[in-house]
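# Structural description and commentary
Each chain is listed here by its residues.
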Amino acid sequence: QVQLLESGGGLVQAGGSLGLSCAASGSIFYIAAMRWYRQAPGKQRELVAAVTDGGSTNYQDAVKGRFTISRDNAKHTVYLQMNSLKPEDTAVYYCNAALSGSAWAPLLDYWGQGTQVTVSS
């Protein structure tokens, strides 16, 4: 059974920083892309940032230059460092990983439970 366990998040003033982490555990053979999504109240879930197994990254325009995604393949962990936070960054942040449990298993999507990030003005 694969699980993604998130940590970090919380309440911060505008202009501040927060870091999120998400560790995958269980039967893991290979992790392809790892991503962070967020969902604000009344809005659809949106992709924030992604990192491939080779370390290539991509960001939503609204967070470019402020957020940094990274991963530690040995620890099956993805991180999101968030700087210069704005009130509009307030949302529940979810990690996502496409991974397989064995050499012959297909890639499946897994999700973390979500962690609240609140930025006060």
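A few points on the structure. (Residues numbered from 1 in each chain as written. Predicted model: local features only at pLDDT ≥ 70, side-chain atom pairs only at ≥ 80, totals over all residues. Heavy atoms only, no water.)

### Digging into the environment of Tyr 59
- Mapped onto the elements of the fold, Tyr 59 is located in strand β6 (residues 57-59).
- Taking the C-alpha atoms as reference points, Tyr 59 and Arg 35, 24 residues apart in sequence, are found 9.8 Å from one another.
- Not counting residues within four places of it along the chain, the set of residues in contact with Tyr 59 comprises Val 48, Ala 49, Lys 64, Phe 67, Thr 68 and Ile 69.
- In this structure the side chain of Tyr 59 is engaged in a polar contact, spanning 2.9 Å, whose partner is the backbone nitrogen of Ile 69. (Helix = DSSP H or I, 4+ residues; strand = E, 2+ residues; numbered from the N terminus. Contact = heavy atoms within 4.5 Å. Polar contact = N/O pair within 3.5 Å; in protein donor to acceptor, adjacent residues only side chain to side chain.)

### Thoughts on the packing of aromatic side chains
- Taken as a whole, this structure holds one aromatic pair when the rule is applied.
- Seen from the ring of Tyr 94, Arg 45 lies directly overhead, with NZ or CZ sitting 3.7 Å from the centre.
- The aromatic ring of Trp 111 is capped on one face by Arg 45, whose charged end is 4.8 Å from the ring centroid. (Phe/Tyr/Trp six-rings, centres within 6.5 Å; stacked < 30°, edge-to-face > 60°. Lys NZ or Arg CZ within 6 Å of the ring centre and 35° of its normal.)

### Focus: the sheet that holds strand β3 (residues 18-25)
- Taken in spatial order, the four strands make up an open sheet running β1-β3-β8-β7, and their pairing is antiparallel. The open sheet has two edge strands, β1 (3-8) and β7 (67-72), and neither has a second partner. Averaged over all adjacent pairs, the angle separating strand axes in this sheet is 15°, with direction ignored. (Pairing = 2+ DSSP bridges. Axes fitted to C-alpha atoms, helices over the stretch in contact; angles between N-to-C directions.)

### As for the state of the cysteines
- Inspection of every chain in the model, using the stated rule, returns one disulfide.
- Paired through a disulfide, Cys 22 and Cys 95 show a sulfur-sulfur distance of 2.0 Å. Its S-S torsion of approximately 45° makes the covalent link between Cys 22 and Cys 95 right-handed. Of this pair, Cys 22 sits in strand β3 while Cys 95 sits in strand β9 (residues 91-100); the two residues are 73 residues apart in sequence, bridging distant segments of the chain. (Disulfide = S-S within 2.5 Å.)

### Observations concerning the nonpolar core
- Formed by 29 residues in total, the largest nonpolar core has its most connected members in Trp 36, Leu 80, Met 82 and Tyr 93.
- For this core, the elements supplying multiple residues, two or more each, are β3, β4 (30-39), β5 (46-51), β7, β8 (77-82), β9 and β11 (115-120).
- If sequence neighbours within four positions are ignored, Tyr 93 has contacts with Glu 6, Leu 20, Trp 36, Tyr 37, Arg 38, Val 48, Phe 67, Leu 80, Met 82, Gly 114, Thr 115 and Val 117. (Core = buried A, V, L, I, M, F, W, Y, C linked by side-chain atoms within 4.5 Å. Buried < 20%, exposed > 50% of the residue type's maximum accessible area, 1.4 Å probe, protein only.)

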